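Residue-level structural notes
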Amino acid sequence: MNQTILVLDFGGQYKELIARAVRGLSVYSEIKPGNITALEIKKINPLGIILTGGPNSAGAENSPKCDPAIFELGIPILGICYGMQLFCHMLGGEVKSSETGEYGRVKVQLTVNNKQGTVNGSFMALMSHKDIVTRLPEGFLPTAYTENCMASCENAARKIYGVQYHPESKHTENGIEIIRRFLFDICNAKGDYKLDDYISTQIEEIRKRVGDKRVLLGLSGGVDSSVCAALLSKAIPGQLDCIFVDHGFMRQSEGDEIERIFSKRKLNFIRVNAKERFLKKLKGIKDPEQKRKIIGEEFARVFEGTSSLIPKSSFLAQGTIYPDIVESGGGQNAVIKSHHNVGGLPSELNFCGVIEPLAGLFKDEVRELGKKLGLPKYLINRQPFPGPGLAVRIIGEVTGEKINILQRADAIVRAELDKIRRKPAQYFAVLTDTRSVGVKGDDRTYDYVIAIRAVNTDDFMTCEYSPLSHTVLSRISSRITSEIPNVSRVVYDITNKPPSTVEWE
């Protein structure tokens, strides 16, 4: 059993970054709702507790609070932003709203008695708050300041520590070192969390639960479902049925790559080539939400029809990962967005249970697990891709001709940007519904306009467009317009998120 750090969530947008930072230091972490009881915490027996940030004022009547008894458990506590304000308020200190607040990178000056900062006297840290601690509870000492607020505090005897800034963010200098010190100097962590242990534990649990029955998995070819398939085939070789519904909207050659990879593993791989069926359903449809709905419904029908033809399966497998559960409200957490693969087993499906072997992992851990299971690098490092595929990167009606054009253009964009050293986080082509006059040879043309999208981001909640060099953009444009007869113009999207989104539809 791994040592555990509990991350208590008070609505902070960075809770997953905190939990991932802890796991990145080889200590297991779990996110729990902020109102979990002290009795429940004692049952879990965590090594330490981290209180997250949040959008509320700690002293407000309806603001989220933790069980006061957790401060008497003797378990080390680190409060971050709202988490620091919360324990200061609950333990008799004072928290007030400031006139200016602090947002962005701010200089933090350490005091002489600081035990949790860097070796330097000051550093830059990410701040995002309006409320400030104006008086500490009895027994607490300030350990850092900014021009406008108390930046950190501690009660070493009670092992309760607070930082007003966000050490989990890369925008805080040596932020991970601060978390490391809490884990290893204060909590005395051993650093015993390893993905190899996760693999062996999951294999044992899967075999015990499944026995000699079969498992059915909808294999999309995305990172999560691919790693799920690899793990299941290792745990129960010959007992896994994978249905790959190829709607025809994958990137160039992707369907063939998926078949090549998984047809060699010890599983029953079934590819359903349903491109014409999906194109027929989408004929005349231009609205993006309609396209998504039609593709989703048709996908379910194809999957259901195909599953009835294969050997009887007793379990349904899903590639659910930990953020899916957290965002969907897992337990008492607030719902950020619902995920189709979270919420239980649909009653109309004749399965005796759901197998979700990745449900305890973050995305970066899933990718690392894929490496350990022998999946090719290009598959596990695959960029985010919408479920409806290129159908929602084609503005307007989807046709076979447009799919072919976009697949070729997108392949060129990815091939050229794969060559550069500092790659954007995500990059792809969009086929707009605009045609433009052009000249090829001595002929006038009136063909499609391709848009290129490339963004930099850590979390995809926000992003900035990538400032690609004109040399790279010129090379992409030249290749697309010369190699694809139906394209006369290429444009580059320089819009950030917000106000735009990463995808166009």
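Above this text is the structure in question.
The structure contained in this document is the topic of the report that follows. (Residues numbered from 1 in each chain as written. Predicted model: local features only at pLDDT ≥ 70, side-chain atom pairs only at ≥ 80, totals over all residues. Heavy atoms only, no water.)

1. Quick notes on the overall build of the protein
Along the backbone of the protein there are 14 helices and 18 strands. Projected onto its principal axes, the C-alpha coordinates of the protein cover approximately 80 × 60 × 40 Å. For the protein, the proportion of its 505 residues judged to be buried stands at 53%. Looking at the protein alone, contacts between residues at least 24 apart form 74% of all its contacts between residues at least 6 apart. (Helix = DSSP H or I, 4+ residues; strand = E, 2+ residues; numbered from the N terminus. Buried < 20%, exposed > 50% of the residue type's maximum accessible area, 1.4 Å probe, protein only. Contact = heavy atoms within 4.5 Å.)

2. A short note on the packing of helix α8 (residues 275–282) against helix α9 (residues 288–307)
At their nearest, the axes of α8 and α9 sit 10 Å apart, and the two run at 140° to each other. It follows from the interaxial angle that α8 and α9 lie oblique. Helix-helix and strand crossings are classified by hand; for α8 and α9 the assignment is right-handed. Taken together, the residues of α9 that come into contact with α8 (itself represented by Arg277, Phe278, Lys281 and Leu282) are Lys291, Ile294, Ile295, Glu298, Phe299, Arg301 and Val302. (Axes fitted to C-alpha atoms, helices over the stretch in contact; angles between N-to-C directions. Parallel < 35°, antiparallel > 145°, perpendicular 65-115°, else oblique. Left-handed = near helix turned anticlockwise from the far one by under 90°.)

3. Details of the pairing of strand β8 (residues 150–155)
Burial of β8 is extensive: six of the six residues sit out of reach of the surface. As defined by bridge partners, strand β7 (residues 141–145) adjoins β8 across four bridges and the pair is classed as antiparallel. By the bridge assignment for β8, Pro142 is matched with Cys153. Hairpin geometry of β7 and β8 is characterised by an intervening segment of four residues between the two adjacent antiparallel strands. As defined by bridge partners, β8 adjoins strand β9 (residues 160–163) across four bridges and the pair is classed as antiparallel. Bridge assignment links Glu154 to a residue of β9, and that residue is Tyr161. Between β8 and β9, which pair antiparallel and follow one another directly, the connecting turn spans four residues, one of which, Lys159, has a positive phi of 55°. (Pairing = 2+ DSSP bridges.)

4. Some details on the sheet that holds strand β5 (residues 94–110)
Spatial strand order, β2-β1-β3-β4-β9-β8-β7-β5-β6: nine strands in an open sheet with mixed pairing. Of all the strands in the sheet, the pair left with one neighbour each is β2 (28–33) and β6 (122–135). Each adjacent strand pair in this sheet contributes to an overall mean axis angle of 25°, direction not counted. Summarising the sheet, strand β3 (residues 48–51) and strand β4 (residues 77–80) pair through three bridges and their orientation is parallel. Its bridge partner lying in β4, Ile50 is registered against Leu78. Across the sheet, helix α1 (residues 15–24) lies against β1 (4–9), β2, β3 and β4, angled at about 155° from β2, the strand it touches most.

5. Focus: the environment of Tyr448
The topology assignment puts Tyr448 in strand β16 (residues 443–456). In the structure, Tyr448 is positioned 43 residues away from Ile405 in sequence and 9.2 Å away in space, judged by C-alpha atoms. Beyond its immediate sequence surroundings of up to four residues, Tyr448 is in contact with Glu401, Lys402, Ile405, Leu431, Thr432, Thr434, Arg435, Asn486, Val487, Ser488 and Arg489.

6. Thoughts on helix α7 (residues 254–262)
Within α7 the residues assigned to the buried category are Glu254, Gly255, Glu257, Ile258, Ile261 and Phe262. Down the axis of α7, the sector holding all buried residues measures 160°, keeping them to one side. Where α7 is buried, its residues meet α6 (223–235), β11 (240–246), β12 (268–273) and α12 (377–380). (Arc of directions from axis to C-beta.)

7. A look at the side chain of Glu102
Its place among the elements puts Glu102 in strand β5. Of the buried charged residues, Glu102 lacks a salt bridge, with Lys130 as the closest side chain of opposite charge at 11 Å. Here His129 takes part through its side chain, which lies 2.8 Å from a polar atom of the side chain of Glu102. Excluding its chain neighbours within four sequence positions, the residues that come into contact with Glu102 are Met127, Ser128, His129, Thr146, Asn148 and Cys149. (Lys, Arg positive; Asp, Glu negative; His and termini not counted. Salt bridge = Lys/Arg side-chain N within 4 Å of Asp/Glu carboxyl O. Polar contact = N/O pair within 3.5 Å; in protein donor to acceptor, adjacent residues only side chain to side chain.)

8. A closer look at the packing of helix α5 (residues 195–210) against helix α11 (residues 363–372)
The geometry of α5 relative to α11 is characterised by a closest axis approach of 10 Å and an angle of 75° between their N-to-C directions. Relative to α11, α5 is oriented roughly perpendicular. Residues Leu195, Asp196 and Ile199 of α5 form the contact with α11, whose own contacting residues are Glu365, Glu368, Leu369 and Lys372.

9. As for the environment of Ile321
Take Ile321: it is sitting in the loop between β13 (315–317) and α10 (322–327). Along the backbone, Ile321 and Ile494 are 173 residues apart, and their C-alpha atoms lie at a distance of 32 Å. In contact with Ile321, other than residues within four places in its own chain, are Asp224, Leu358, Ala359, Leu361, Lys363 and Val366.

10. A few points about the side chain of Asp9
Mapped onto the fold, Asp9 is located in strand β1. In this structure the side chain of Asp9 is engaged in a polar contact, spanning 3.3 Å, whose partner is the backbone nitrogen of Gly12.

11. Here's the deal with α8
All buried positions along α8 are accounted for by Phe278, Leu279 and Leu282. Here the buried residues of α8 occupy an arc of 100° about the axis, which is enough to place them on one side. Opposite the packed face of α8, turned more than 90 degrees from it, sit the exposed residues Glu276 and Lys280. Residue Gly284 follows α8 closely and has a positive phi angle near 80°.

12. Things to note about the packing of aromatic side chains
The final tally for this structure, using the stated rule, is eight aromatic pairs. Judged by centre distance (5.4 Å) and plane angle (55°), the rings of Tyr28 and Tyr193 are tilted. In this pair, Tyr28 is assigned in strand β2 and Tyr193 in the loop between α4 (175–186) and α5, connecting sequence segments 165 residues apart. Under the relative-accessibility criterion, Tyr28 is labelled buried at 17%. Residue Tyr193 is classed as buried on the basis of its relative accessible area, which comes to 6%. With centroids separated by 6.2 Å and ring planes inclined at 35°, the aromatic side chains of Phe244 and Phe269 adopt a geometry described as tilted. Of this pair, Phe244 sits in strand β11 while Phe269 sits in strand β12, and the two are 25 residues apart along the sequence. Residue Phe244 is classed as buried on the basis of its relative accessible area of 0%. (Phe/Tyr/Trp six-rings, centres within 6.5 Å; stacked < 30°, edge-to-face > 60°.)

13. Here we look at unusual backbone geometry
Cis geometry is adopted by the peptide bond preceding Pro498, which originates at Lys497 and carries an omega value of -10°. By the secondary structure assignment, Pro498 is in the segment after β18 (487–492). Located in the positive-phi region is Asn45, a residue other than glycine, with phi close to 60°. When you line up the elements, Asn45 lands in the loop between α2 (38–44) and β3.

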